[in-house]
Amino acid sequence: MNELTTEHYRALLGLDADWRVTNVEFLPKAKLVDIRIEYCGSKLSCPECKCSCPRADMAPERTWRHLDTMQFTTTIHASVPRSNCSKCGVLTQPVPWAGKHSRFTLLFEYMAVEVIKACSSISAAAKLLNVDWQAVQSIMDRAVARGIVRRNMSNIRNVGIDEKSFGKGQDYVSIMTDVDNTRVLEVVPERTRAAADKLWQLMDALQRKLIQAVSMDMWSPFMESTRAACPDAAIVHDKFHVSKYLGEAVDKVRRQEHAQLCEEGDDRLKGTRQLWLYAMENIPEDKSALMFSLQQVDLKTGRAWSMKENFRHFWECKSQEDATVFFTTWYTWATRSKLPPIAKVAVMLKRHLSGLLSYVTHRITNAASEGYNSKIQSIKSAARGFSSFENYRTRILFFCGKLDLFPSISSH
Ligand SMILES: [Zn+2]
């Protein structure tokens, strides 16, 4: 092989003086470019304790996939020296072109991270990169691990804790988000007190002390954990969860009333399920006449819907006093409504009033983690190998963690 070519490849790969390219072979039939690299350095230092030490031997030859050369798959082959440290024993030396345990060069991983970020699914990325999905997963695992090490946690003031369903059954995961920077911080299995405690372990005592408010559902395991981990932080009940409970109550009222009306031969509520789920401003134009007519007659469902809609004014209150007055009036209306599902939600809201009132001061919600839902849903549906929680966690953090995922390539 002529010297110009090997030197050219040495520069392309960003190798230092300890390594040289001994051969570059083009195999056009196999659509391959094979690059052989040899260690030519002399001084070794222990990868653990950094002290200089003698060479033990050369590890068996390994292969790394590199960026393609034009349309040719390009691989690097090299045997890596092992150092013999008196304290740490025999250890394989790191190589400048690849991370530990990776079958890919850093430049390949850099490009792969770009491709995965731009792809709608793991299988699409795997196809473009010409690797299997496990390889994509391993590149994502390393990218997320890098990102977490580099992540800045010092500026977090408001966090959200939320649950998401995972897998096919009634399995859940708990998610912690950084509300102000709209990023997912961590995902853990289940939605228990222990799960929330695990989320809080993400921060040290000093970081937790800086947390001002935590947005969450009225879910006692999350509340207990937060009170223990962040006693000074305000618990703010998320308005989207409240709206969901009220929406479900409206639907329950509708179902009961519909069944009752049907017995009397009245099917006015037939096919109106979706209609009552709309907020006032979202009622489609072609449905507004129907809604108007249903509102004119004294239906229980109509009253329930009005109570749900009316509660939205709570979130607009400018002071704790106003919010308290509003709530008291609404609560009386709801509990005297003779609509048990609505009254039940009202009682639950009263029990959590302090967390609802905190919204007036802190104005945070779990909107961001609700926003991740569609993204997480597409990660879920487009992915194979999804029975594993670890894969799920990696994918959420990869796409929603706002992490610095790229390998650092110093010599390029
Ligand atoms: Zn050592």
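Residues numbered from 1 in each chain as written. Predicted model: local features only at pLDDT ≥ 70, side-chain atom pairs only at ≥ 80, totals over all residues. Heavy atoms only, no water.

As for the overall build of the protein chain
Then, number 1: Broken down by element type, the protein chain carries 15 helices and 14 strands.
Then, number 2: Over its C-alpha atoms the protein chain spans a radius of gyration of 30 Å, topping by over 25% the 22 Å that the globule rule assigns to 412 residues.
Then, number 3: In terms of overall dimensions, the protein chain has a C-alpha envelope of 90 × 50 × 35 Å along the principal axes.
Then, number 4: Counting across all 412 residues of the protein chain, residues that qualify as buried make up 48%.
Then, number 5: Taking contacts inside the protein chain between residues at least 6 apart in sequence as the whole, the part at least 24 apart equals 58%.
Then, number 6: Of the accessible surface of the protein chain, which amounts to about 21300 Å², a share of 53% is contributed by carbon and sulfur atoms.
Then, number 7: Looking at the protein chain, you have 56 positive and 46 negative side-chain charges, and the mean spots of the two groups are 2 Å apart. (Helix = DSSP H or I, 4+ residues; strand = E, 2+ residues; numbered from the N terminus. Rg over C-alpha atoms; globule rule 2.2 N^0.38 Å. Buried < 20%, exposed > 50% of the residue type's maximum accessible area, 1.4 Å probe, protein only. Contact = heavy atoms within 4.5 Å. Areas by Shrake-Rupley, 256 points an atom, 1.4 Å probe, with all protein chains shown as cover. Lys, Arg positive; Asp, Glu negative; His and termini not counted. Charge placed at Lys NZ, Arg CZ, Asp CG, Glu CD.)

Here we look at the coordination of the zinc ion
Then, number 1: Around the zinc ion, the donor atoms from the protein are Cys46 (SG), Cys49 (SG), Cys85 (SG) and Cys88 (SG), and they sit 2.3 to 2.4 Å away.
Then, number 2: Considering all four donor atoms around the zinc ion, the spread of angles at the metal, 102 to 117 degrees, places the coordination shape in the tetrahedral class.
Then, number 3: Within one chain, the residues serving as donors to the zinc ion are arranged as C-x2-C-x35-C-x2-C. Of this pair, cysteine 46 sits in the loop between strand S3 (44–45) and strand S4 (52–53) while cysteine 88 sits in the loop between strand S8 (81–85) and strand S9 (89–92), and the two are 42 residues apart along the sequence. (Donors = N, O, S within 2.8 Å, 3.2 Å for Na, K, Ca; no water. Tetrahedral: all angles 85-135°; square planar, octahedral: opposite > 155°, others 65-115°.)

Quick look at the state of the cysteines
Then, number 1: For the structure on display, the rule yields zero disulfides.
Then, number 2: In this model cysteine 400 remains outside any disulfide bridge; the closest cysteine sulfur is found in cysteine 119, 16 Å from its own.
Then, number 3: Exposure remark for cysteine 400: the relative accessible area of 3% places this residue in the buried category. (Disulfide = S-S within 2.5 Å.)

A word on the pattern of salt bridges
Then, number 1: In this structure the tally under the stated criterion is 23 salt bridges.
Then, number 2: For aspartate 404, the salt bridge identified is with arginine 150, shortest N-O distance 3.3 Å. Taken together, the residues aspartate 404 in the segment after helix H15 (389–400) and arginine 150 in helix H4 (residues 133–150) connect sequence positions 254 residues apart.
Then, number 3: The partly exposed category is assigned to aspartate 404, whose relative accessible area is 43%.
Then, number 4: The shortest N-O distance in the salt bridge between arginine 183 and aspartate 178 comes to 2.8 Å. Accessibility classification places arginine 183 together with aspartate 178 in one group, the buried group.
Then, number 5: Through salt bridges with shared partners, one network takes in Asp251, Arg254, Arg255 and Arg273. (Salt bridge = Lys/Arg side-chain N within 4 Å of Asp/Glu carboxyl O.)

What to know about unusual backbone geometry
Then, number 1: Despite not being glycine, asparagine 130 shows a phi value in the positive range, around 60 degrees.
Then, number 2: The residue asparagine 130 is located in the loop between helix H3 (122–129) and H4 in this model.
Then, number 3: What makes asparagine 130 exposed here is its relative accessible area of 54%.
Then, number 4: The phi dihedral of arginine 363 falls on the positive side, at around 50 degrees, and the residue is not glycine.

Comments concerning the side chain of glutamine 137
Then, number 1: Following the sequence through the fold, glutamine 137 ends up in helix H4.
Then, number 2: Given the relative accessible area of 4%, glutamine 137 is considered buried.
Then, number 3: Apart from residues lying up to four places away in sequence, glutamine 137 is in contact with Asn391, Thr394 and Arg395.

Details of the sheet that holds strand S5 (residues 55–58)
Then, number 1: Here three strands make up an open sheet; going across it, the order is S5-S8-S9 and the pairing antiparallel. With one partner strand each, in any of the chains shown, S5 and S9 form the two edges of the open sheet. Direction aside, the axes of adjacent strands within the sheet are offset by 25 degrees on average.
Then, number 2: Strand direction decides the pairing type here: S5 and S8, joined by three bridges, are antiparallel. When the sheet's bridge partners are listed, arginine 55 is paired in S8 with serine 83. (Pairing = 2+ DSSP bridges. Axes fitted to C-alpha atoms, helices over the stretch in contact; angles between N-to-C directions.)

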